[in-house]
Amino acid sequence: MSAGVVWIPALVALAVLVLPLVALVVRAPWGELGTVVAQASVVQALGLSLTTAAASTVISLLLGGPLALALGRTRSWPAVPRRLLRALVTVPLVLPPVVGGVALLLLLGRRGLIGSLLDAWFGITIPFTTAAVVIAQVFVSMPFLVLAVEGALGASDRRFEVAAATLGASRWTILRRVTLPLIWPGLSAGALLCFTRALGEFGATVTFAGSFPGITQTLPLATYLQLQTDPDAAIALALVLMAVSLVVLVSLRDRWIPGLAS
Amino acid sequence: MSARRPRYWALVAGLAAAALALAGCAAGSSGSGSGIDSASPSTEPKLSGTVTIFAAASLTEVFGEAKTIFEKQHPGVEVVLNFGGSSALAEQILSGAPADVFAAASPATMTTVADGGAAAGAPTTFATNTLEIAVPKDNPGKVTKLADFADASRTIAICAPEVPCGAAAVKVFQSAGITAAPDTLEQDVKGVLTKVSLGEADAGLVYRTDVLTAGAAVKGIPFDEAADAVNDYPIAVLKDAPSPDAAKAFVDWVLSDAGQKLLAKAGFGAA
């Protein structure tokens, strides 16, 4: 096989992914970048983005990890319910985020299936709160974690777990000492994807949580709003978001995923 | 977009069939009745091709109807509509999007396009829009007047001041001397409408036309201060229009009596 068979499409793929970002960097108002980024409103939006995305990632790990483990145990199930279950987990990935936001409103909004009960019984309303931002982010980003962990589980050799069990290890010990180390690359890659997807989340957030500075206006929302009046400032904000994502990806990838580091 | 294609072609086919039928009728009764459909293809230089209209999202319904009527009058012309936020559309036009006509929801966005040298000739104001209070149909917050927007215990949705509907909201609150207590500053007027129609917000400020398109789920409450923030809608043929003749014909139709009547029916004010 000639090297061109791989390299040419690979270069095209790289160009498709990278060139739009290059254009962004070229168009960036480097002179005023400092002043834009130092604005209190920008710092506030970035802080909100980082904390909500971190919270969503932790929640996704605590809930999505076990879900992936449970999905891994459905391999003995008949094909139809097993595939249906996996498809359901994947739906938020293919759903337009705005539709996801509407779905969340219909469930957790003041008039929603569960939201109306929360309002009536406890006086709790979720939309327009920071909690709503986190819920929207979990909804769109947790599937990344579940799929990554489930993929790692599928690829791992289950005989190690069987061996550990025959040697008398408890289920908890097996999970902690055998299963988790086996799936660690998938788990950490999934958590990273989950975090960066949550960081960039726009549609579900703006629909379900609204947009208010300091409470629900994350950096992507602030960026889109800036685009209406000051495209240059919007590009500066986009660069900030891109830089944060890159730093997170590069620094954590080598540290947390030794198997994938070069 | 892609989901619309089949319907779009069905519409074109249907219109073509309708045009043939009309042509047959006209041939049968030639000589008399020239008053009907005065803009018939035979009297004007025959237009053909595709004319692409970039229009503000608030024009979605009314320009959809305009397309149907215009294509019936000019059987050779296909009207392609692209709706979006005025600012985003302006950015697309300045980046070289192949559009023939730009219909904006604010003079400021049209100015951006004109200053960028992308408009052919001066823009014309073709419609106006005024703000109305929108409440869910059962009005859970018992909102009756603009002053109710100052009440922090109510859930209030308005547009962000950066977008036209938000700038208009700021203006009416100023002239009414009210400090609003919003819970969300939405990116566009449809965002406000969604929150109100789903009952998540007790009240929002939207345009009169939005209340009409929202149907039964939303009730509109007019208020006096809205007169201080009437929004002008400018329209212009673009300099690099691929079909300048059809573009001009479309703009002329929007400005004609028939076009203005259609806009009035949708809740727009006269220019």
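Note that the coordinates shown come from a computational prediction; the quantities given were computed from them, not determined experimentally.

J.: Describe the sheet that holds strand β1 (residues 49-56) of chain B, listing the residues and the values that go with them.
T.: All names here are of chain B. Strand order in this open sheet of five strands is β2-β1-β3-β10-β4, and the pairing throughout is mixed. Either end of the sheet is taken by a strand with one partner, and the two such strands are β2 (77-84) and β4 (124-129). Sheet twist, expressed as the mean angle between neighbouring strand axes with direction ignored, is 20°. Helix-sheet contacts for helix α2 (residues 60-73) involve β1, β2, β3 (101-103), β4 and β10 (231-237), and the interaxial angle to β2 is about 175°.

J.: Let's hear about the nonpolar core: which residues, and what values?
T.: Residues and elements named next belong to chain B. Among the nonpolar cores identified, the biggest contains 36 residues, and Ile133, Leu146, Phe149, Phe173, Leu205 and Phe223 are the most heavily contacted of them. Take this core: its biggest share by element is five residues, from helix α5 (residues 164-176). For Phe149, the contacting residues outside a window of four places in its chain are Ile133, Ile156, Ile158, Phe173, Ala180, Ala181, Ala203, Gly204 and Leu205. Core analysis: the next-biggest nonpolar cluster, separate from the first, contains 32 residues, Leu47, Ile53, Ala66 and Ala249 among them.

J.: Which residues make up the UniProt feature "binding site: molybdate" (unreviewed entry) in chain B, and what are the values?
T.: All names here are of chain B. In this structure's numbering, the residues bearing the UniProt feature "binding site: molybdate" (unreviewed entry) are Ser58, Ser86, Val189 and Tyr207. Sequence-distant contacts of Val189, defined by excluding residues within four places in its chain, comprise Cys159, Cys165, Val206, Tyr207 and Asp210. Along the chain, Tyr207 falls in strand β8 (residues 203-207). A relative accessible area of 3% means that Tyr207 is categorised as buried. Dropping the residues within four chain positions of it, Tyr207 is found in contact with Asn129, Thr130, Leu131, Pro164, Cys165, Ala168, Val189 and Asn231.

J.: Tell me what's going on with the packing of aromatic side chains, and back it up with residues and numbers.
T.: Residue and element names in this part refer to chain B. Applying the stated criterion across every chain yields a total of eight aromatic pairs over all chains. Centre to centre, the rings of Phe63 and Phe250 are 5.7 Å apart; their planes meet at 75°, and the pair counts as edge-to-face. A residue pair is termed long-range when its members are at least 10 positions apart, and Phe63 in helix α2 and Phe250 in helix α8 (residues 244-255) qualify at 187 residues. Neither Phe63 nor Phe250 differs from the other in exposure class; each is buried. One aromatic cluster in this structure is built from Phe63, Phe70, Phe126, Tyr233, Phe250 and Phe268.

J.: Break down the packing of helix α3 (residues 40-72) of chain A against helix α11 (residues 219-229) of chain A for me, with residues and values.
T.: All names here are of chain A. Look at α3 against α11: their axes get within 8 Å of each other, and the N-to-C directions meet at 140°. Across the interface between the two elements, Val42, Ala45, Leu46 and Ser49 of α3 pack against Leu219, Pro220 and Ala222 of α11. Split by residue class, the contact of α3 with α11 holds six nonpolar, one polar and no charged.

J.: Please give an account of the environment of Met142 of chain A that cites residues and values.
T.: All names here are of chain A. By the element assignment, Met142 lies in helix α7 (residues 130-155). For Met142 and Ser60, which are 82 residues apart along the polypeptide, the C-alpha to C-alpha distance reads 5.1 Å. In this structure Met142 touches Ser60, Leu63, Gly64, Gln137 and Cys194, once residues within four positions along its chain are discounted.

J.: Just give me the short version of unusual backbone geometry, but keep the residues and values in it.
T.: Although it is not a glycine, Phe128 of chain A adopts a positive phi angle of roughly 70°. Here Phe128 of chain A lies in the loop between α6 (115-122) and α7.

J.: Give a detailed account of the interface of chain A and chain B, specifying residues and quantitative values.
T.: Each partner contributes residues to the interface: chain A has 21 residues there, and chain B has 21 residues. Interface area lost by chain A to chain B is led by Arg110, Arg111 and Phe128 of chain A, which between them contribute 34%. The interface formed by chain A and chain B holds two salt bridges in total. With a closest N to O distance of 2.8 Å, Asp202 of chain B and Arg110 of chain A form a salt bridge. On the surface where chain A and chain B come into contact, there are 10 residue pairs in polar contact (both at pLDDT 80 or more). For the side of chain A that touches chain B, the leading source of residues is α11 of chain A, giving five residues. When its residues are assigned to classes, the side of chain A that touches chain B shows 12 nonpolar, six polar and three charged.

The rules behind these values
- For every chain, the first residue of the written sequence is number 1, and numbering continues from 1 onward in sequence order.
- Ligands are numbered from 1 and chains lettered from A, in the order in which they are written.
- Owing to the predicted nature of the model, reporting of local features is limited to residues with pLDDT of at least 70; listing and counting of side-chain atom pairs is limited to 80 or more, with chain, interface and lining totals taken over all residues.
- Hydrogens are left out, water is left out, and the side-chain values use all remaining heavy atoms of the structure.
- DSSP-based pairing: two strands are paired if at least 2 bridges between them are found.
- Secondary structure is summarised from DSSP: a helix means a run of H or I of at least four residues, a strand means a run of E of at least two, and numbering begins at the N terminus for each.
- Helix axes are fitted only over the stretch in contact, all axes being lines through C-alpha atoms; the angle between N-to-C directions runs from 0 to 180 degrees.
- Here a residue-residue contact requires only that any non-hydrogen atoms of the pair lie within 4.5 Å.
- Each nonpolar core is a collection of buried residues, namely Ala, Val, Leu, Ile, Met, Phe, Trp, Tyr and Cys, held together in the definition by side-chain atoms within 4.5 Å.
- To sort residues, take the accessible area from a 1.4 Å probe on protein chains only and compare it with the maximum for the residue type: under 20% means buried, over 50% means exposed, and anything in between is partly exposed.
- UniProt positions are given in the numbering used here, feature names are shortened, and annotations may be inferred rather than shown by experiment.
- In this scheme Phe, Tyr and Trp rings, the latter by its six-membered ring, pair at centre separations within 6.5 Å, and the angle between planes marks the pair as stacked below 30 degrees, edge-to-face above 60, and tilted otherwise.
- Gly is put with the polar residues, along with every residue not named as nonpolar or charged; the nonpolar set is Ala, Val, Leu, Ile, Met, Phe, Trp, Tyr, Cys and Pro, and the charged set is Asp, Glu, Lys and Arg.
- Here the quantity called buried area is the total loss of accessible area, with a 1.4 Å probe, experienced by two parts when brought into contact, counted for both.
- What counts as a salt bridge is simple: a side-chain nitrogen of Lys or Arg found within 4 Å of a carboxyl oxygen of Asp or Glu.
- We call two N or O atoms a polar contact when they sit within 3.5 Å, provided that within protein one can donate a hydrogen and the other can accept it, with sequence-adjacent residues counted only if both atoms are side-chain atoms.

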